[in-house]
Amino acid sequence: GAGVSQSPSNKVTEKGKDVELRCDPISGHTALYWYRQSLGQGLEFLIYFQGNSAPDKSGLPSDRFSAERTGGSVSTLTIQRTQQEDSAVYLCASSLTWTAGGTIYFGEGSWLTVV
Amino acid sequence: SQKIEQNSEALNIQEGKTATLTCNYTNYSPAYLQWYRQDPGRGPVFLLLIRENEKEKRKERLKVTFDTTLKQSLFHITASQPADSATYLCALESNTGNQFYFGTGTSLTVIP
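What comes next is a walk through the structure. (Residues numbered from 1 in each chain as written. Chains lettered and ligands numbered in written order. Predicted model: local features only at pLDDT ≥ 70, side-chain atom pairs only at ≥ 80, totals over all residues. Heavy atoms only, no water.)

1. A closer look at the overall build of chain A
How we decide: Each helix is a run of H or I in the DSSP string that is no shorter than four residues. Each strand is a run of E no shorter than two, and both are numbered from the N terminus. Computation of the radius of gyration draws on C-alpha atoms, with the globule rule given as 2.2 Å multiplied by the number of residues to the power 0.38. Accessibility here uses a 1.4 Å probe with only protein chains present; expressed as a share of the type maximum, an area under 20% marks a residue as buried, one over 50% as exposed, and anything in between as partly exposed. The contact definition used throughout considers only heavy atoms, calling two residues in contact when any of these lie within 4.5 Å. Residue-level accessible areas treat just the shown protein chains as cover; the underlying method is Shrake-Rupley with a 1.4 Å probe. His is not counted, nor are the chain ends, whereas Lys and Arg count as positive and Asp and Glu as negative. Note on charges: their place is set at NZ of Lys, CZ of Arg, CG of Asp or CD of Glu.
Summing up its helical and strand segments, chain A has zero helices and eleven strands in all. Mapped from its N terminus to its C terminus, chain A presents α and β elements in the order β-β-β-β-β-β-β-β-β-β-β. In terms of overall size, chain A behaves like a compact globule, its C-alpha atoms giving a radius of gyration of 13 Å where 115 residues would be expected to give roughly 13 Å. In terms of its C-alpha atoms, chain A occupies a principal-axis envelope of roughly 40 × 25 × 25 Å. Burial status across chain A gives 49% buried among its 115 residues. In chain A, 56% of the contacts between residues at least 6 apart in sequence involve partners at least 24 apart. Of the accessible surface of chain A, which amounts to about 5300 Å², a share of 47% is contributed by carbon and sulfur atoms. Each charge sign in chain A was given a centre, from 9 positive and 11 negative side chains, and these centres are 3 Å apart.

2. Focus on the nonpolar core
Using the following cut-off: Put simply, buried Ala, Val, Leu, Ile, Met, Phe, Trp, Tyr and Cys residues joined by side-chain atoms within 4.5 Å make one nonpolar core.
Judged by nonpolar contacts, the single largest core of 24 residues is most densely connected at Leu 33, Trp 35, Phe 75 and Tyr 88 of chain B. Going through the elements one at a time, β3 (19-26), β4 (32-38), β5 (45-51), β7 (62-67), β8 (72-77), β9 (86-93) and β11 (106-111) of chain B are the ones with two or more residues in this core. For Leu 33 of chain B, the contacting residues outside a window of four places in its chain are Tyr 25, Leu 48, Leu 49, Ile 50, Phe 66, Ser 73, Cys 90, Ala 91 and Leu 92 of chain B. By size, the runner-up hydrophobic cluster in this structure holds 21 residues, among which are Cys 23, Ile 26, Leu 46 and Phe 65 of chain A.

What is shown is where atoms sit, not what they do.
What follows is the structure, encoded as structure tokens:
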């Protein structure tokens, strides 16, 4: 696609429910990143993928968070048993490769509100 | 762990002046430093990348400096315009790539 696409753009969910956030990276981009941005805060790194594998999952806040990527393309971030502190914007980004010095392109984010 | 600090206060400047934003870091030796612009409700957009062996980089009205001794980057917007109003984020990246550490950003308002 022309840019990184994320869905849903907005999601309001009840505490305790599971949510899935989807990211469709730029076509041909092998590296994919998930970040979280809380109101007035910087970007918090969650996880990145090289192809379909995620070498470093240490950024995931808890075991309620998981992510997968299939076919080297679409990625899904899943939050189980959502809590109010999970409310944030979840940003996905992709880059052509995972080598250093490249440019990463962000999507517009998925705004999650847990009530 | 690494720590990245940007101007803690919002920056307001008059149109036509030069805006200077700072990015200081500790406990890290980045090979690359990038600057991004983020508008409200949007994802960050890449502006400039500077390597550790580069002192200065320019692109149109933008200029970035990188001082690895001071562990600081300065981001300048010359002849600022109201359309430059946004939040600006710096990001550090190591040689191994794969992870970018972002600062909290500086909110810039250019007053007409």
